[in-house]
Protein chains: 2
Amino acid sequence: MNFNEEMTKRTESIEVLLKKYLPKEEGWQKNVIEAMNYSVTAGGKRLRPMLMQETYKLFGGEGTEIEPFMAAMEMIHTYSLVHDDLPAMDNDEYRRGRKTTHVVYGEAMAILAGDGLLNFAFETALKVFETDADKTRAARALAVLAKKAGIYGMIGGQTADIEAENLGSKVTQEHLLFIHEHKTAALIQASMMIGAILAGASDSQIEVVEEAAYDIGVAFQIQDDILDVTSTLETLGKPVGSDEKNHKTTYVTLKGIETASREQKEMSAHAICLLQSLELENDFLMELIRSLITRIK
Amino acid sequence: MNFNEEMTKRTESIEVLLKKYLPKEEGWQKNVIEAMNYSVTAGGKRLRPMLMQETYKLFGGEGTEIEPFMAAMEMIHTYSLVHDDLPAMDNDEYRRGRKTTHVVYGEAMAILAGDGLLNFAFETALKVFETDADKTRAARALAVLAKKAGIYGMIGGQTADIEAENLGSKVTQEHLLFIHEHKTAALIQASMMIGAILAGASDSQIEVVEEAAYDIGVAFQIQDDILDVTSTLETLGKPVGSDEKNHKTTYVTLKGIETASREQKEMSAHAICLLQSLELENDFLMELIRSLITRIK
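Chemist: What is the right way to look at the overall build of chain A in this model?
Modeler: Scanning chain A from N- to C-terminus turns up 15 helices and 2 strands. Its C-alpha radius of gyration of 18 Å places chain A within 12% of the 19 Å reference for a compact globule of 297 residues. Its C-alpha atoms put chain A at 50 × 50 × 35 Å along the principal axes. Across chain A, contacts joining residues at least 24 apart in sequence account for 73% of those joining residues at least 6 apart. Surface exposure of chain A reaches about 12,100 Å², of which carbon and sulfur atoms provide 47%. The distance from the centre of the 31 positive side-chain charges to the centre of the 46 negative ones in chain A is 3 Å.

Chemist: How should I be thinking about the nonpolar core in this particular structure?
Modeler: Generally speaking, soluble globular proteins have nonpolar side chains that are buried together. Counting residues in each nonpolar core, the largest one holds 174 residues, and the members touching the most others are F69 and I194 of chain A together with F69 and I194 of chain B. Ignoring anything within four residues of it in the chain, the contact list for I194 of chain B reads M52, I66, F69, M73, A141, V144 and L145 of chain B.

Chemist: I keep staring at the interface of chain B and chain A and nothing clicks. Help me out?
Modeler: With 48 residues of chain B in contact, the opposing surface of chain A contributes 48 residues. When the two sides are added together, the surface that chain B and chain A hide from each other amounts to roughly 4,300 Å², 74% of it contributed by carbon and sulfur. The interface formed by chain B and chain A contains 0 salt bridges. Ranked by the residues each element gives to the side of chain B that touches chain A, the list is headed by helix 6 (residues 107-125) of chain B, at 12 residues.

Chemist: Explain the relation of the copies chain B and chain A to me, please; I cannot follow it from the model alone.
Modeler: In this structure, two copies of a chain are linked by a rotation about an axis accompanied by a shift along it. For these two chains of identical sequence, chain B goes onto chain A by a turn of 180 degrees and a shift of 0.0 Å along the axis, with RMSD 0.0 Å. Taken together, the turn and the small shift mark the pair as related by a two-fold rotation axis. Same-surface contact between copies: 100% of interface residues of chain B are shared with the interface of chain A.

Chemist: I'm lost on the pattern of salt bridges in this one. Help?
Modeler: Side-chain pairing between opposite charges can occur once the charged atoms of the two side chains come close. All names here are of chain A. This structure, assessed with the given rule, holds 36 salt bridges over all chains. For R10, the salt bridge is made with E54, and the minimal N-O distance between the two is 2.6 Å. Taken together, the residues R10 in helix 1 (residues 3-21) and E54 in helix 3 (residues 47-58) connect sequence positions 44 residues apart. Salt bridges sharing partners connect three or more residues here, namely E6, K9, R10, E54 and K57.

Chemist: Could you clarify how one ought to interpret the packing of aromatic side chains in this entry?
Modeler: The geometry of an aromatic ring pair is captured by two quantities: the separation of the ring centres and the angle between the planes. Tallying each qualifying case throughout the model produces 8 aromatic pairs over all chains. Consider the rings of F178 of chain A and W28 of chain B, whose centres lie 6.2 Å apart with planes at 45 degrees: the pair is tilted. Taken together, the positions of F178 of chain A in helix 9 (residues 173-198) and W28 of chain B in the loop between helix 1 (3-21) and helix 2 (30-40) put the pair across two chains. Given a relative accessible area of 33%, W28 of chain B falls into the partly exposed group. Above the face of the Y38 of chain A ring, R98 of chain A is positioned so that its terminal group lies 4.0 Å from the ring centre. Above the face of the F220 of chain A ring, R295 of chain A is positioned so that its terminal group lies 3.8 Å from the ring centre.

Chemist: Help me out: how do you make sense of the side chain of D215 of chain B in this one?
Modeler: Residues and elements named next belong to chain B. Residue placement: D215 occurs in helix 10 (residues 203-230). Buried D215, no salt bridge; nearest opposite-charge side chain is K255, N-O distance 12 Å. At a separation of 2.6 Å, a polar atom in the side chain of D215 contacts the side chain of H270. In this view, D215 contacts M267, H270, A271 and L274; residues no more than four positions away in its chain are not counted.

Chemist: How do you make sense of the packing of helix 6 (residues 107-125) of chain A against helix 6 of chain B when you look at a structure like this?
Modeler: Direction vectors running N to C along helix 6 of chain A and helix 6 of chain B enclose 20 degrees, while the axes themselves pass 10 Å from each other. In terms of orientation, helix 6 of chain A and helix 6 of chain B fall into the roughly parallel class. For the pair helix 6 of chain A and helix 6 of chain B, the crossing hand works out as right-handed. For the pair helix 6 of chain A and helix 6 of chain B, the contacting residues are E107, D115, L118, N119 and F122 of chain A in the first and E107, D115, L118, N119 and F122 of chain B in the second. Partitioning the contact of helix 6 of chain A with helix 6 of chain B into residue classes produces 4 nonpolar, 2 polar and 4 charged.

Chemist: Hey, could you run me through the environment of T172 of chain B in this one?
Modeler: Residues and elements named next belong to chain B. Inspection of the secondary structure puts T172 in the loop between helix 8 (154-167) and helix 9 (173-198). The partly exposed category is assigned to T172, whose relative accessible area is 40%. Of the polar contacts made by the side chain of T172, one reaches the backbone nitrogen of H175; its length is 3.1 Å.

Chemist: Honestly, the environment of P239 of chain B in this entry has me stumped. Any pointers?
Modeler: Residues and elements named next belong to chain B. Within the fold, P239 resides in the loop between helix 11 (233-236) and helix 12 (242-245). When its relative accessible area of 44% is taken as the criterion, P239 is described as partly exposed. Between the C-alpha atom of P239 and that of Y105, which follows or precedes it by 134 residues, the distance is 21 Å. Excluding residues that lie within four positions of it along the chain, P239 makes contacts with D228 and L233.

Thresholds, definitions, all that
- Residues numbered from 1 in each chain as written.
- Chains lettered and ligands numbered in written order.
- Predicted model: local features only at pLDDT ≥ 70, side-chain atom pairs only at ≥ 80, totals over all residues.
- Heavy atoms only, no water.
- Helix = DSSP H or I, 4+ residues; strand = E, 2+ residues; numbered from the N terminus.
- Rg over C-alpha atoms; globule rule 2.2 N^0.38 Å.
- Contact = heavy atoms within 4.5 Å.
- Areas by Shrake-Rupley, 256 points an atom, 1.4 Å probe, with all protein chains shown as cover.
- Lys, Arg positive; Asp, Glu negative; His and termini not counted.
- Charge placed at Lys NZ, Arg CZ, Asp CG, Glu CD.
- Core = buried A, V, L, I, M, F, W, Y, C linked by side-chain atoms within 4.5 Å.
- Buried < 20%, exposed > 50% of the residue type's maximum accessible area, 1.4 Å probe, protein only.
- Buried area = accessible area lost by both parts, 1.4 Å probe.
- Salt bridge = Lys/Arg side-chain N within 4 Å of Asp/Glu carboxyl O.
- Least-squares fit on C-alpha atoms with pLDDT ≥ 70 in both.
- Phe/Tyr/Trp six-rings, centres within 6.5 Å; stacked < 30°, edge-to-face > 60°.
- Lys NZ or Arg CZ within 6 Å of the ring centre and 35° of its normal.
- Polar contact = N/O pair within 3.5 Å; in protein donor to acceptor, adjacent residues only side chain to side chain.
- Axes fitted to C-alpha atoms, helices over the stretch in contact; angles between N-to-C directions.
- Parallel < 35°, antiparallel > 145°, perpendicular 65-115°, else oblique.
- Left-handed = near helix turned anticlockwise from the far one by under 90°.
- Nonpolar A, V, L, I, M, F, W, Y, C, P; charged D, E, K, R; others polar.

Take a look at the structure:
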């Protein structure tokens, strides 16, 4: 297997799928739809839908029922970035090398575009009921999506992150892990769990996936913290050194770059070990997980 | 039937139901949950869940499957107010006689609280699958909720409303009706349609409900425009005269208060006529619809 080729192929097919699910830019509401689509088509790794699809395949999934959830997940991830970038939040002007949504469309439209994407994510995911998916599995997948994106998932993590900003260097490791688990790992957990659920995994298999995805998510976030110290604007597509500038406590400031790097590798290895214990096969998925902690952007 | 007594009884029971579905204020994410609950418990007419429940009863619904949707609808209505009040949107400091969410909790937390409420609305509505509701009806009700709240419903209306602000007095009647239909009527349509769907109404009955709810929603909005001219801060709980101050085109500025008032009464009567054509009985619902255009706040 040529991993990079396979990766490119998958990313491209996810781009095509995403475009299929994006709303048409027409009507009196054209402006907000343009802002939504600008945000979604800004690129990115499409990691979450990819992990979802690969986990679905891991459990033998072969249908198209997974597609609305793949698109929905990327919409949720994108809305969180649009709102995160707002002046009242992180106040970022660049994202993935392009101007952020509020810079291009104004603040009011960026707020509505974020709301629009979150809402449209559910509209999109609910299309699962138009496929021949098992309704009980579909309902369970929807519940996981909603929970992991909300106050007991991503939004909970964002809230704890804002609290952390006010605490500065007083942030504890426990607090930081809560942020990483919820702000980053929760959507990765949802992605992989939904793949497993729709493919018909058992309760205990879904639990294993949830645990592995926790490790993957936290390791992924630590890599983000490492890159903020070691990368460049050109490579990363956004300013580096922003954590230090904002006196932000990260895994790197808390433990030093070597320990953070070691623990991150252990988490990644643990995730792969857990998934291998399922005795199912998806070489690409394992390689994808390994690649996340060696990525340079 | 003593309408006011019945109304009070129903509002109180909706308050109890809402509190049952609100998240507990605990954990690292406590702050956002407090902001969410502050917004939802600010009071209000609870019109949407009430219309939902009464339409459900109109079609003979007797179960509890309607409850998660009643709570979800009020959460969606509330999140839209929280985001509407933000400085980058309407920049309102008072709502229902209390300070708005961003004034009390800060702008970042108000953005997250709005996101949290929208997301939690879906988390809550999805609990319908934990009841013994018919899964096909539940899926259809969820799709209606998502569509009417999103870019083809409320968010579409909010977008067109922002466009209208830039146009000032150049706003046409067609544009204004689009705003009223989407920004206000869409959630009222969703409320009544969900009640009908879950109670097992036929496709043609659901269409009648959708059409009636359009009239109710637009008439309701025109009453808002009328009260902005004729009411007082004390009665309304928010500043009056804001439309004129903001040079906003409303049904009243476009047609004059007498024509606006007459057309609104016609719409309300048309809605009641449509619902009576179903030959089902719910006297309270008819009285409730009549009361919406005579209300003083």
